Amino acid sequence: MFVSVIIPTWNEENHIKRLLSEIREQSFGDLEVIVADANSQDKTVEIAESMGATVVRGGKVGYGRNRGAAAAKGDLFVFLDADAILPSKDFFTDIIHEMQYRRLDLAGTAVVPDSKRMSDRFLHWIYNRYIFLMGAFLPHAAGTCIIVKRFVHEAIEGFDESITLAEDHDYVRRGAHIGQFGIIKSHAVITDVRRLDKEGRFALALKYIVAEFYILIFGPIRGNAIKHEFGHTEDENK
């Protein structure tokens, strides 16, 4: 199975090298890396190209993922955020084996913070318990890592680019109508806590709770219904 790893970026020079290095070190090597860049003003593109990634024009996160997928050659897509940290050199080998063993066509992973703060670990623990419990009824998958077979992505015509928050959850919910969805059990993906630092733990948790109820009542979030920014500027702590 050939895998396409797709990473949307905007000013990610402080993270992209680490992630691409981790991908290089994977025991599974039958893959390509596509970086969909939203006109970064730093060295993101330079770093990506120097490390062998294919760079395509990106934009907002849904648009970037779709452009990356359009350029992809793989049978399986792995969408990763640029600040994701892979937990093992066997990550791709193990998740592909689990997808095959469980006959999954679409999957998310648990997410753990790159932080020792108890509040960060507790918030992520709640999220992980929630997505495992709701998986069969209301699929969720953080954009940190989504694994999907090409036929599912194409059948649902990719990410809905009009959605401004929780486009990842919308994506897997639509995909679950086409193929078998599940949460990967073999590995959790580690994520940076910069958004928690920027927006505040309580404020961000409250926003996501409000977003969940909004989606259940009104449907996908579009426009400025709930304010949410993509990416991080150069002067932020990345």
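For the structure, see preceding data.
About the criteria used
Residues numbered from 1 in each chain as written. Predicted model: local features only at pLDDT ≥ 70, side-chain atom pairs only at ≥ 80, totals over all residues. Heavy atoms only, no water. Buried < 20%, exposed > 50% of the residue type's maximum accessible area, 1.4 Å probe, protein only. Helix = DSSP H or I, 4+ residues; strand = E, 2+ residues; numbered from the N terminus. Right-handed = clockwise from strand over helix to strand, strands pointing away. Pairing = 2+ DSSP bridges. Contact = heavy atoms within 4.5 Å. Polar contact = N/O pair within 3.5 Å; in protein donor to acceptor, adjacent residues only side chain to side chain. Arc of directions from axis to C-beta. Axes fitted to C-alpha atoms, helices over the stretch in contact; angles between N-to-C directions. Parallel < 35°, antiparallel > 145°, perpendicular 65-115°, else oblique. Left-handed = near helix turned anticlockwise from the far one by under 90°. Nonpolar A, V, L, I, M, F, W, Y, C, P; charged D, E, K, R; others polar. Salt bridge = Lys/Arg side-chain N within 4 Å of Asp/Glu carboxyl O.

Novice: Report on the pairing of strand S2 (residues 31–37), specifying residues and quantitative values.
Specialist: With seven of seven residues buried, S2 is to be regarded as a mostly interior element. Running through helix H1 (residues 16–24), the crossover from strand S1 (residues 3–9) to the neighbouring parallel element S2 is right-handed. The pairing of S2 with strand S3 (residues 54–57) spans four bridges and is classified as parallel. Pairing of Val35 across the sheet is with Val55, part of S3. Each parallel crossover has a hand, and for S2 linked through helix H2 (residues 44–50) to S3 it is right-handed.

Novice: Could you give me a rundown of the environment of Tyr171, with the residues and numbers involved?
Specialist: Among the structural elements, Tyr171 can be located in helix H7 (residues 167–175). Judged by its relative accessible area of 0%, Tyr171 falls in the buried class. Residues Tyr171 and Ala136 lie 35 residues apart in sequence; the distance between their C-alpha atoms is 15 Å. If sequence neighbours within four positions are ignored, Tyr171 has contacts with Phe79, Leu106, Ile146, Val148, His153, Ile156, Gly158 and Phe159. A polar contact of 2.8 Å, which involves the side chain of Tyr171, links it to the side chain of His153.

Novice: Mind laying out helix H4 (residues 91–101), listing which residues take part and the relevant values?
Specialist: Along an α-helix, residues three or four apart share an orientation, since each turn contains 3.6 residues. Buried residues of H4: Phe91, Phe92, Ile95, Ile96, Glu98 and Met99, and no others. End-on, the buried residues of H4 take up no more than an arc of 160°, which puts them together on one face. For H4, exposure combined with an orientation more than 90 degrees from the buried face picks out His97 and Tyr101.

Novice: Quick rundown of the packing of helix H5 (residues 118–134) against helix H9 (residues 201–218)? Include the residues and the values.
Specialist: As a packed pair, H5 and H9 sit with axes 11 Å apart at the nearest point and diverge in direction by 15°. One element, H5, and the other, H9, form an angle in the roughly parallel class. Here the hand of the crossing between H5 and H9 comes out left-handed. Here Ser119, Asp120, Leu123 and Tyr130 of H5 lie close against H9, whose contacting residues are Arg201, Ala205 and Glu212. For the contact of H5 with H9, the residue count by class is three nonpolar, one polar and three charged.

Novice: Give me the environment of Gly29: which residues, what numbers.
Specialist: Here Gly29 shows up in the loop between H1 and S2. Considered as a pair, Gly29 and Val3 are 26 residues apart in the sequence and their alpha carbons are 8.9 Å apart.

Novice: Please set out the pattern of salt bridges residue by residue, giving values where relevant.
Specialist: Under the defined criterion, the tally for this structure stands at 15 salt bridges. Across the pair Arg102 and Glu98 runs a salt bridge whose closest N-O atoms are separated by 2.7 Å. With relative accessibility at 28%, the residue Arg102 sits in the partly exposed group. Look at Glu98 and you get buried, because its relative accessible area is 9%. Of the charged contacts, one joins Asp197 and Arg201 as a salt bridge, the two residues approaching to 2.8 Å between their closest N and O atoms.

Novice: Outline the environment of Asp75, supporting the account with residue identities and numerical values.
Specialist: For Asp75, the location among the structural elements is in the loop between helix H3 (61–71) and strand S4 (76–80). Judged by its relative accessible area of 44%, Asp75 falls in the partly exposed class. Asp75 sits 15 residues away from Asp90 along the chain, and the two C-alpha atoms are 19 Å apart. Once residues within four sequence positions are removed from consideration, Asp75 is found in contact with Met1, Phe2, Lys149 and Arg150.

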